[in-house]
Amino acid sequence: MAKIKLEYIWLDGYEPTQNLRSKTKVEEHENFKGTLEELGNWSFDGSSTKQAEGGSSDCLLVPVAIYPDPTRINGWLVMSEVMYADGTPHPSNGRATIDDDNEDFWFGFEQEYFIMDTKTQLPLGFPVGGYPAPQGMYYCSVGGKNTHGRKLVEEHADLCIAAGINFEGINQEVACGQWEFQLFAKGAKKAGDEIWVARYLLDRLTEKYGYYIEYHPKPLGDTDWNGSGMHANFSNTVLRTCGDQATYERICEAFRPVTAEHIAVYGAYNDQRLTGKHETASIHDFSYGVSDRGCSIRIPLMTVQKGWKGWLEDRRPASNGDPYKIAARIIKTVNSAL
């Protein structure tokens, strides 16, 4: 028998942006294989996370995905859904709203974020009381003059890969101290699981660096600095195989009348980012176009070159958006056009 550490991870009930929570359960197992079938449900005090009242505070954690924890001996990361005591989904449970049981939808999320210094409360590279050099030289930069935080970013990439997450890349972004990582998964629920676990590993990693991660879509306010998004690249069998421009345009048009419904779940304070500047479309408009990063939805050039077989990119989701809720809304809209 060996003692293993199970880190149960879940989303709390805070609004307008939920936070990650986690706690460790130590169990004895013989020949633990790291499967969901070997795990039991757990409970937590929902009154401390804005998910229950004190008089009846127990909420259930139901494991939905498990990954090896590369930073712990005999450790595992357990992504969990929050349920009521009777087993029904809690209102904070965005994963339960996804209608994709056959995993026909594939998602590639591009997670942007700022690395913040806990002492200065500023992005890395920002001097106290002023600004670094203007945007231009930070994007995909190399060298200590313009690149800040690479050690943390590289370590985070290694942790995600070691955990078995389908991690696809990293790059410094347009603003100073801003970075991005990319994940891809077949199945909306899995895509959401992996973004949340990757965020968890990133947040936990900052504890030893004296940093924290800022997911606010416009942390530098109304300035000439880029905000942060989480572009959602998505496809289903139709988009991957149809070979028809009219079908693509019909699907894109299906997003127009439900613009408000999408914005409602694309992350808080997104109006500060979606201004029509800094590679964004205005939050008040809806548009789509081939290879146009100023549109709400970009039709990738590669999709067109492959004969209208590929995917679409919704550029509106904010960096602090819940990938579960974003995916659920995209699936609903795409299916309405088919």
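Here is what the cut-offs are and how they apply
Residues numbered from 1 in each chain as written. Predicted model: local features only at pLDDT ≥ 70, side-chain atom pairs only at ≥ 80, totals over all residues. Heavy atoms only, no water. Helix = DSSP H or I, 4+ residues; strand = E, 2+ residues; numbered from the N terminus. Expected span 1.5 Å × (residues − 1). Buried < 20%, exposed > 50% of the residue type's maximum accessible area, 1.4 Å probe, protein only. Core = buried A, V, L, I, M, F, W, Y, C linked by side-chain atoms within 4.5 Å. Contact = heavy atoms within 4.5 Å. Pairing = 2+ DSSP bridges. Axes fitted to C-alpha atoms, helices over the stretch in contact; angles between N-to-C directions.

Draft legend 1. Structural context of helix α2 (residues 188–206). Counted at 1.5 Å a residue, the expected span for α2 with its 19 residues is 27 Å, and the 27 Å between its end C-alpha atoms agrees. The element α2 is largely enclosed, with a buried count of 16 among its 19 residues.

Draft legend 2. View of the nonpolar core. Ranked by size, the top nonpolar core spans 61 residues in total, and within it Phe107, Tyr113, Ile165, Leu201, Leu312 and Ile330 carry the most contacts. A total of ten residues in this core trace back to one element, the largest contributor, which is α2. Apart from residues no more than four positions distant in its own chain, Tyr113 is found in contact with Val153, Gly177, Gln178, Trp179, Glu180, Phe181, Leu202, Ile213, Glu214, Tyr215 and Ser228. Leu6, Phe32, Cys59 and Trp76 belong to the second-largest nonpolar core, a separate cluster that totals 13 residues.

Draft legend 3. Structural detail: the pairing of strand β8 (residues 178–186). In terms of burial, β8 is largely enclosed, as seven of its nine residues are buried. As defined by bridge partners, strand β6 (residues 106–117) adjoins β8 across nine bridges and the pair is classed as antiparallel. What sits directly across from Phe107, in β8, is Ala185. By the bridge criterion, five bridges tie strand β7 (residues 167–172) to β8 in an arrangement that is antiparallel. Across the sheet, residue Gly169 finds its bridge partner in β8, namely Gln182. Two successive antiparallel strands, β7 and β8, enclose a turn made up of five residues, where Gly177 displays a positive phi of approximately 80°.

Draft legend 4. Geometry of the sheet that holds strand β2 (residues 20–29). Spatially, β2-β1-β5-β4-β3 is the arrangement adopted by the five strands of the open sheet, whose pairing is mixed. Looking along the sheet, the strands with just one partner apiece sit at the ends: β2 and β3 (42–45). Sheet twist, expressed as the average angle between the axes of neighbouring strands with direction ignored, equals 40°. Sheet analysis places β3 next to strand β4 (residues 58–68), joined by four bridges and oriented antiparallel. If you follow Trp42 over to β4, its bridge partner there is Leu61. Along the sheet, α2 makes contact with β1 (2–11), β2, β4 and β5 (75–83), crossing β5 at roughly 120°.

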